[in-house]
Amino acid sequence: MRILHTSDWHLGRSFHRVNMLGAQAEFIGHLVATAREHEVDVVVVSGDVYDRAVPPLAAVELFDDALHRLADLGIPTVMISGNHDSARRLGVGAGLIGRAGIHLRTAPAACGEPVVLADAHGDVAFYGLPYLEPALVKDELGAKRAGHEAVLGAAMRRVRADLAARPTGTRSVVLAHAFVTGGEASDSERDITVGGVSAVPSGVFDGVDYVALGHLHGSQAISERVRYSGSPLPYSFSESAHRKSMWLLDLGPAGEIAAERIDCPVPRPLARIRGDIETLLDDPELAAHEDSWVEATLTDPVRPDDPMARLCERFPHTLSLVFDPERAPEDPDISYARRLEGRTDQQIAEDFVTHVRGAGPDEREQAVLRAAFDTVRTDETLREVAR
């Protein structure tokens, strides 16, 4: 069975101040053309279809167009909700849409109920595990703890129980939206940390033939059978080295995997350049980036006059300007942002406690801080879904 694996469309999202809807529409056309050209048997979309729970009308219209074009292909599509989606909104009309061959899986309780498709070698069961917010699905799934590994483990127990009851030789594919240990993150994914932990071990998915992951925006293989497709378009300059693509997979009669990357059309390359402004304006080696979307980091000791306008004369698509004067790490004038770079909210809060009272928090106090951050993030999720 030939599978086209994609995820993280983020319809409605912009790139800095650039509207990406046209590029997203171009990607949908590319997806449909790829599925037709390569005679794909099923398309899987592993979450974050939209960029937010209540997407703009233009994004909804593009999604509607994508559904119609995929249905017109006559190729089944299996799709789950991600942490940016409203599962209930995305799942509206799933029963009717399913009659057209577009199978939306957004309900956590249904994760053990697969879409079963067949090829010349028998059945393939596609299990959709939508993004599982631990605090919201723990009791529904019967998980012992409100953590990512616990709720995904509970969901996978349902998957394995259903698979064990099917005929011998039934192959299996799991769609999941999660941060799996070993994956490389970027700046554009929303934090899903719970209890100080955001990642789950890949072993939680043991027992199935292929795991089609979403959430991380870089295309990558955790193992031969566990892969992220990545986002089809860049959504932060941290993705400047990404090769945007989809996975084209052949699932053999005994569960063998053969995988190939299919490149996605990217509207403009990304470039991160760094140096003092005169160097950036004069360096001939930077000519290759003159038509790129540019993030420029200025290292001048004193902020130059009108830097954005001057940079745009050479790099007209400059979108981000960072001022980072080169100073010794112990320099008291080093920026607050630079001092916080790479630190989690938990670490920043613990540093604040240390600064205020002269001693860091003990284990009990660290647990209180973790619980507070988890509560805030969960409440934000609930408010967004309820809008």
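- Going by what an unreviewed UniProt entry lists, the protein chain is known as Nuclease SbcCD subunit D and is assigned to Streptomyces longisporoflavus.
- The Function (unreviewed entry) comment attached to the protein chain in UniProt states, word for word, "SbcCD cleaves DNA hairpin structures. These structures can inhibit DNA replication and are intermediates in certain DNA recombination reactions. The complex acts as a 3'->5' double strand exonuclease that can open hairpins. It also has a 5' single-strand endonuclease activity."
- You can read under Sequence similarities (unreviewed entry) in the UniProt record for the protein chain the words "Belongs to the SbcD family."

**Some words on the pairing of strand β19 (residues 318–323)**
(1) Moving on: Sheet analysis places strand β18 (residues 293–298) next to β19, joined by five bridges and oriented parallel. If you follow L298 over to β19, its bridge partner there is F323.
(2) Moving on: Between the parallel pair β18 and β19, the chain is carried across by helix α8 (residues 307–314), and the sense of this crossover is right-handed.

**Description of the sheet that holds strand β9 (residues 171–177)**
(1) Moving on: If you walk across this open sheet you meet the six strands as β7-β8-β9-β12-β14-β13, and the pairing is mixed. Looking at which strands have only one partner, the edges of the open sheet turn out to be β7 (115–119) and β13 (220–223). Within this sheet the neighbouring strands show an average axis-to-axis angle of 20 degrees, counted without direction.
(2) Moving on: Bridge analysis of β7 against strand β8 (residues 122–129) gives five bridges, and the strand direction is antiparallel. Bridged to L117 within β8 is V124.
(3) Moving on: On the sheet, helix α6 (residues 148–164) packs against β8 and β9 and is oriented at approximately 160 degrees with respect to β8.

**Some thoughts on the side chain of H103**
(1) Moving on: Here H103 is to be found in strand β6 (residues 102–105).
(2) Moving on: Not counting the four nearest positions on each side in its chain, H103 is found in contact with T77, V78, M79, G98 and V115.

**Quick look at the UniProt feature "domain: Calcineurin-like phosphoesterase" (unreviewed entry) in the protein chain**
(1) Moving on: The residues that UniProt annotates with the feature "domain: Calcineurin-like phosphoesterase" (unreviewed entry) are residues 1–217.
(2) Moving on: Here residues 1–217 runs as 31% helix and 24% strand, with 25 Å between its end C-alpha atoms.

**Points about helix α1 (residues 21–37)**
An α-helical turn contains 3.6 residues, so any two residues separated by three or four positions project in the same direction.
(1) Moving on: With 17 residues, α1 ought to run about 24 Å at 1.5 Å a step, and its terminal C-alpha atoms sit 24 Å apart, in line with that.
(2) Moving on: Close packing links the buried residues of α1 with β1 (2–6), β4 (42–46), α2 (57–73), β15 (245–251) and β16 (257–263).

**Considerations on the sheet that holds β18**
(1) Moving on: Strand order in the open sheet made by the three strands is β17-β18-β19, with parallel pairing throughout. Looking at strand neighbours, the two that pair on one side only are β17 (270–275) and β19, the edges of this open sheet. Averaged over all pairs of adjacent strands, the angle between strand axes in this sheet comes to 15 degrees, irrespective of strand direction.
(2) Moving on: The sheet contacts of α8 involve β18 and β19, and relative to β19 the element is tilted by about 135 degrees.

**Description of the pattern of salt bridges**
(1) Moving on: Considering all chains together, one arrives at 13 salt bridges under this definition.
(2) Moving on: In this structure, D139 engages K138 in a salt bridge whose closest nitrogen and oxygen atoms are separated by 3.3 Å.
(3) Moving on: Judged by its relative accessible area of 23%, K138 is partly exposed.

**So, unusual backbone geometry**
(1) Moving on: Here H10, not a glycine, exhibits a phi torsion of approximately 55 degrees, which is positive.
(2) Moving on: Its place among the elements puts H10 in the loop between β1 and β2 (14–15).
(3) Moving on: Judged by relative accessible area, H10 falls into the buried class, the value being 0%.
(4) Moving on: Non-glycine residue H215 carries a positive phi angle of around 125 degrees.
(5) Moving on: Considering the arrangement of structural elements, one finds H215 in the loop between β12 (210–214) and β13.
(6) Moving on: Given a relative accessible area of 3%, H215 falls into the buried group.

**Side note on the packing of α1 against α2**
(1) Moving on: Their axes nearest at 10 Å, the elements α1 and α2 cross at an angle of 10 degrees. One way to sum up the angle between α1 and α2 is to call them roughly parallel. Residues L21, Q24, A25, I28, G29, L31, V32, A35 and R36 of α1 lie in contact with α2, whose contacting residues are A58, A59, L62, A66, R69, L70 and L73.
(2) Moving on: Of the residues in the contact of α1 with α2, the class split is 12 nonpolar, two polar and two charged.

**Examining the nonpolar core**
(1) Moving on: In terms of nonpolar packing, the biggest core is built from 32 residues, with L129, L141, L152, V174, F205 and L213 touching the most fellow members.
(2) Moving on: Taken together, the elements giving at least two residues each to this core come down to β8, α5 (134–141), α6, β9, β10 (179–180), β12 and β14 (226–228).
(3) Moving on: The element contributing the most residues to this core is α6, with eight residues.
(4) Moving on: Once residues within four sequence positions are removed from consideration, F205 is found in contact with L152, M156, R160, V174, A176, V180, V211 and L213.
(5) Moving on: Residues L4, L11, Y50 and L67 belong to the second largest nonpolar core, which totals 28 residues.

How each quantity is defined
Residues numbered from 1 in each chain as written. Predicted model: local features only at pLDDT ≥ 70, side-chain atom pairs only at ≥ 80, totals over all residues. Heavy atoms only, no water. UniProt positions renumbered as here; feature names shortened; annotations may be inferred. Pairing = 2+ DSSP bridges. Helix = DSSP H or I, 4+ residues; strand = E, 2+ residues; numbered from the N terminus. Right-handed = clockwise from strand over helix to strand, strands pointing away. Axes fitted to C-alpha atoms, helices over the stretch in contact; angles between N-to-C directions. Contact = heavy atoms within 4.5 Å. Expected span 1.5 Å × (residues − 1). Salt bridge = Lys/Arg side-chain N within 4 Å of Asp/Glu carboxyl O. Buried < 20%, exposed > 50% of the residue type's maximum accessible area, 1.4 Å probe, protein only. Parallel < 35°, antiparallel > 145°, perpendicular 65-115°, else oblique. Nonpolar A, V, L, I, M, F, W, Y, C, P; charged D, E, K, R; others polar. Core = buried A, V, L, I, M, F, W, Y, C linked by side-chain atoms within 4.5 Å.

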